[in-house]
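Coordinates in review
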Amino acid sequence: MIRVDSLARSVRYRLSLLLGAVAIVVLLMSTVARALGLPDIYLALAFGAVIALANVWCVPAAGAVVSLMPMMAASALLVLGPVPAGWAVVLGSLGHAAVRYWRGQRNPELQEPRGTALVEVTALNMAMHTLGILAAGQVFIWVGGVLPLSYAYLPDVARLALAGITYLGINYLLAWGYFATRGSGALKAFKHSLPKILLYEGLPMVFSPLAALVATRLGMGYLLLYLLGFLTASLISHSLAVTSERLERRVKELDGLQAVGQALSASLDVDTVLNAIYAQVAELMPAPAFYVALYDPDLDEVSFVLRIEDGQRKPPSARRARHGLTEYVIQTGEPLLISRDVSDRVSALGLELLGRDAACWLGVPIAAGEEVLGMMAVQSFETPGNYDRSHLGILQTIGAQAAIAIQNARLYARTDEALARRVQELDSVLRTTQDGVLLLDQELRVLAVNRALADFVGVAQLDLVRYPIDLLHADGESLATRIGYGMDRLREDCARLLAREVNQIEAVVTLSPSGRHISRTLTPVHESEGTVTGWLLIFRDLTEQVELDKLRVDLTGMLVHDLRSPMSLVQASLSLLQETGADGDQEQRLLGIAQRGSERVLGLIDELLDIGQLELGQLPMSLESIPVRDLMNEIVARYLPVATSDHIDLRVQFEPNLPDLCADRSLVLRVLSNLVDNALKFTPDGGVVTLAAAVAARAPEPRLLLSVRDTGPGIPQEALPRLFEKFQQIPSVQGRRRGTGLGLPFCKLVVEAHGGRIWVDTVVGEGSTFSLLLPLAGSDGADPLLAPQ
């Protein structure tokens, strides 16, 4: 950004010099074509002096500076002709530059351009008026006008008007291009001021022909008196305008300073104080860029607590103290005004140019007594000379008021922090409780929150304390939303408690984002006099209780469903046997049904008992050497009829000469039966279930890898974490028969009791493979590395 600003400034400077040089070259060429006599030179000098004085006694108008220079230049054109008038303009521009330089050297407080800025403005001013006068003279001659003007008839009015339009058109066209290079802000200000500039500079030009007629009819002495009359009027207008501007500014300053004092004394919040400071500074002076920096001597850091650029607030920032203008004002405790050539002044002070290169800069300290709290500064990146001594005085007064306000706000903040520390001490007491605690003030700002509640809502404690309960956090949710409260509902509940309709308000809610089930209790906090000073919310975690209740309900439902059906068969079969008096075959069939139902009930009960003993490590196991082929043949013989009736291809794959398995035969048979039964249950007609066995290749010691693979619907990813837990069912996957939710937990417990591992690989829509690793005869326990990768 610094390079861009410097480049734009360099382009403007070179463009102004080029235009000035073009004007001089054109004027010299015109002079060669028309030799000047001694009277012309004297008159050109006289008009040059008059033009210089007209520029010196300029008048502020609509944010710009206007003068009678166009009227004087046009008079010179009509009296002397284009070339002498051009030289009069050049001499007048140089004379005005000399006066500005002298005034700037004599009184540095005046906002006069210096150095390259003065050269740039002078060259541009000279080019605008010289080229305009030469062009206007040529246009006047081309349309039939005669110079010098000694008479004026009706046709000359149109010629004079066309010449005047040419002069002002070239003048303002070049000015337009110059302001365009200074940015949109400068161009916008010029466009806004242009109507009043035209009125003040263009309207007096109607008197220029009269000046020519006075010179040709009455003589040069009367012409000088005529021009001096206009200069006197210009001087009076200049004085009145300057006085009026100073008076208006002073009244505005006094009103603004009063408003600043009122705004700063109305709040103890630092952010509110800073916003009030900027609002009033922007009212009293141009403030396209403004900032407030506070200094921390302990950390040796400067915090830019308020930054405004182009009317937009920027995020706060901080840096280690360096050798910039900001640190210079803080360290010296003195104001600093740089009206132009900021980078040159920074270098002269031995400082660093940090950030964008400003066109002008004004900074004042914020000091409370001998202590410098920080500083504030305004700057313009486009307009040199935007600030003067009056702006410095205003900003100093605001800085003094701001120091008191900031110091008071800091004291208030320290008091508030002390109170917050006491609250944190209370929080340390509350850390031992498992219940969440939230303390709010009457404005529903968080005063205290304990760790339990912070864990409940998933937000750090420090991100909650001292902030409003409805403040949005990084994830877009407020604390109120996380604890299940809408702000309208919270205010209604507080109003009910204030009206003493109830002593407390309880509700069971689900906290976001943890999903915990919480009992929430809202109660008022009273002072000793009984006045309500805040609100206390207590949160008790009911998640485990709710889950146990749900588990109890699920278990009860499962038992009712799975135990009631076989028992109903037993009861119905026996009742029918008693009532029908059927023959022996019928009796045997009914008794068989009753027997199988009873066995299913007993099997379910036995499985529950075995799982309980396995969880406690109390189920006795009889380890023996088991041929793998015999084990798999027994499983196939048991489930081949079921697979055939369900139109499923039951396959067996195992390596030849597999070593024996070391396990409890009955338990391993039950594990494989559960897995094969599940596979047949969820595999559609025409599917394949494969029972495979092999020696685990990656095992550091011999292990047998058994697997049951199906071509069923697969298992959803969200169901995998709790797949081996008791009573887990997958609602989205329907099988041929309803299960109990105990088979897979039993398999997991049995395999782990043997020192093995069990896991599942699944692809939705393609099937699942349940794999288990078990020790071979003569090997030790399972190795952790055998878990699936």
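Residues numbered from 1 in each chain as written. Predicted model: local features only at pLDDT ≥ 70, side-chain atom pairs only at ≥ 80, totals over all residues. Heavy atoms only, no water.

**Brief notes about the overall build of the chain**
Operational definition: Runs of H or I in DSSP of at least four residues are treated as helices and runs of E of at least two as strands, each being numbered from the N terminus. Relative accessibility thresholds used throughout: buried, under 20% of the residue-type maximum; exposed, over 50%; partly exposed, between the two (1.4 Å probe, protein chains only). Note on contacts: a residue pair qualifies if any of its non-hydrogen atoms lie within 4.5 Å across the two residues. The Shrake-Rupley method, run with a 1.4 Å probe, gives the accessible areas here. Residue values count only the displayed protein chains as cover.
For the chain, the count of helices and strands is 21 helices and 21 strands. Counting all 789 residues of the chain, 44% fall into the buried class. Expressed as a percentage of contacts within the chain between residues at least 6 apart in sequence, the contacts between residues at least 24 apart total 64%. Looking at the chain as shown, the accessible area adds up to about 40500 Å², and 57% of this sits on carbon and sulfur atoms.

**Comments concerning the pairing of strand S4 (residues 301–309)**
Note on strand geometry: in a regular strand, side chains alternate between the two faces of the sheet. Threshold: Pairing between strands is defined by DSSP: at least two bridges between the two strands are required.
Both strand S3 (residues 289–296) and S4 contribute to a ladder of 8 bridges, which runs antiparallel. Residue alanine 289 lies in a different strand from S4, and its bridge partner there is glutamate 309. Here S3 folds back onto S4, and the loop between the two strands holds 4 residues, one of which, aspartate 300, carries a positive phi near 55 degrees. Here S4 pairs with strand S6 (residues 317–320) via 4 bridges, running antiparallel. Of the residues in S6, the one forming a bridge with phenylalanine 304 is serine 317. The pairing of S4 with strand S5 (residues 312–314) spans 3 bridges and is classified as antiparallel. Looking at the pairing, arginine 307 lines up with lysine 314 of S5.

**A few points about helix H2 (residues 38–56)**
How we decide: Expected helix span is computed as 1.5 Å times (number of residues minus one).
Along its 19 residues, H2 runs 27 Å from first to last C-alpha, staying within 8% of the 27 Å computed at 1.5 Å per residue. Taken residue by residue, H2 has Asp40, Leu43, Ala44, Phe47, Gly48, Val50, Ile51, Ala52, Ala54, Asn55 and Val56 as its buried positions.

**Details of the pattern of salt bridges**
Worth spelling out the cut-off: Definition used for salt bridges: Asp or Glu carboxyl oxygen within 4 Å of a side-chain nitrogen of Lys or Arg.
Under the definition given, this model contains 10 salt bridges. In this structure, arginine 159 and aspartate 156 form a salt bridge, with 2.7 Å as the shortest nitrogen-oxygen distance. In this pair, arginine 159 and aspartate 156 are both assigned in helix H6 (residues 154–181), 3 residues apart and thus about one turn of the helix distant. For the salt bridge of lysine 748 with glutamate 752, the shortest nitrogen-to-oxygen distance reads 2.8 Å. Within this pair, lysine 748 and its partner glutamate 752 are both found in helix H21 (residues 743–753), separated by 4 residues, close to a single helical turn. Relative accessible area serves as the criterion here: at 29%, lysine 748 is assigned to the partly exposed category. On the accessibility criterion, glutamate 752 (42% relative accessible area) is partly exposed. Put simply, Glu634, Arg638 and Arg665 are held in one network by salt bridges that share partners.

**A few points about the sheet that holds strand S18 (residues 688–695)**
Our working definition: The convention used is that axes are lines fitted to C-alpha atoms, helices contributing only their stretch in contact, and that angles between N-to-C directions extend from 0 to 180 degrees.
If you trace the 5 strands from one edge of the open sheet to the other, you get S16-S18-S19-S21-S20, paired in mixed fashion. Either end of the sheet is taken by a strand with one partner, and the two such strands are strand S16 (649–654) and strand S20 (757–763). Averaged over neighbouring strand pairs, the angle between their axes works out to 15 degrees when direction is ignored. The sheet contact formed by S20 and strand S21 (residues 767–775) spans 7 bridges and is antiparallel. Residue pairing in the sheet places aspartate 761 in a bridge with threonine 769 of S21.

**Some details on the nonpolar core**
Short version of the rule: We call a set of buried Ala, Val, Leu, Ile, Met, Phe, Trp, Tyr and Cys residues a nonpolar core when their side-chain atoms join them within 4.5 Å.
In terms of nonpolar packing, the biggest core is built from 49 residues, with Phe47 and Leu223 touching the most fellow members. The element that contributes the greatest number of residues to this core is helix H3 (residues 69–80), accounting for 10 residues. In this structure phenylalanine 47 touches Met72, Ser75, Ala76, Val79, Leu80, Ala88, Leu223 and Leu227, once residues within four positions along its chain are discounted. The next biggest cluster of nonpolar side chains, apart from the first, holds 44 residues, and it includes Leu706, Leu723, Leu744 and Val760.

**Considering helix H19 (residues 628–645)**
So the rule is basically this: The reported bend at a residue is simply the angle between two axes, fitted to the 7 residues ending at it and to the 7 residues beginning with it.
Its 18 residues place the ends of H19 26 Å apart at the C-alpha level, agreeing with the 26 Å of an ideal helix rising 1.5 Å per residue. Where H19 bends most, at tyrosine 639, the angle is about 45 degrees, and the proline proline 641 comes one to four residues later. Three or more residues of H19 are buried, namely Val628, Leu631, Met632, Ile635, Val636, Tyr639 and Ala643. Those residues of H19 hidden inside the fold are in contact with strand S15 (623–626), S16, strand S17 (661–664), helix H20 (665–682), S18 and strand S19 (703–710). Once H19 ends, the next one or two residues include histidine 647, with phi positive near 60 degrees.

**Here we look at the packing of H3 against helix H5 (residues 116–142)**
Spelled out, the test is: Any angle that falls under 35 degrees is termed roughly parallel, while one over 145 is termed roughly antiparallel, one within 65 to 115 roughly perpendicular, and all others oblique. Should the near helix be turned anticlockwise from the far one by less than a right angle, the crossing is left-handed, and should it be turned clockwise, the crossing is right-handed. Here the nonpolar group is Ala, Val, Leu, Ile, Met, Phe, Trp, Tyr, Cys and Pro; Asp, Glu, Lys and Arg are the charged ones; every other residue, Gly included, is treated as polar.
Between H3 and H5, whose axes approach to 10 Å, the crossing angle comes to 40 degrees. With respect to their mutual orientation, H3 and H5 come out oblique. Crossing handedness for the pair H3 and H5: right-handed. Along the contact surface, H3 presents Met69, Pro70, Ala73, Ala74 and Leu77, while H5 presents Asn125, His129, Ile133, Ala136 and Gly137. Here the residues of the contact of H3 with H5 sort into 7 nonpolar, 3 polar and no charged.

**Details of the confidence of the model for the chain**
Spelled out, the test is: Values of pLDDT, which run from 0 to 100, indicate the predictor's confidence residue by residue.
A residue-level look at the chain finds 78% of positions with pLDDT of 70 or above and a mean pLDDT of 79. In this model, residues 781–789 is a region of pLDDT below 50 whose contacts with residues beyond four sequence positions or in other chains number 18 contacts.

**Observations concerning the packing of H3 against helix H4 (residues 82–106)**
Taken N-terminus to C-terminus, the directions of H3 and H4 make an angle of 150 degrees; their axes are 7 Å apart at the nearest point. Crossing hand, H3 versus H4: right-handed. Facing H3, whose interface residues are Met69, Ala73, Ala76, Leu77 and Leu80, H4 presents Pro82, Pro84, Ala85, Val89 and Ser93. Of the residues belonging to the contact of H3 with H4, the class tally is 9 nonpolar, 1 polar and no charged.

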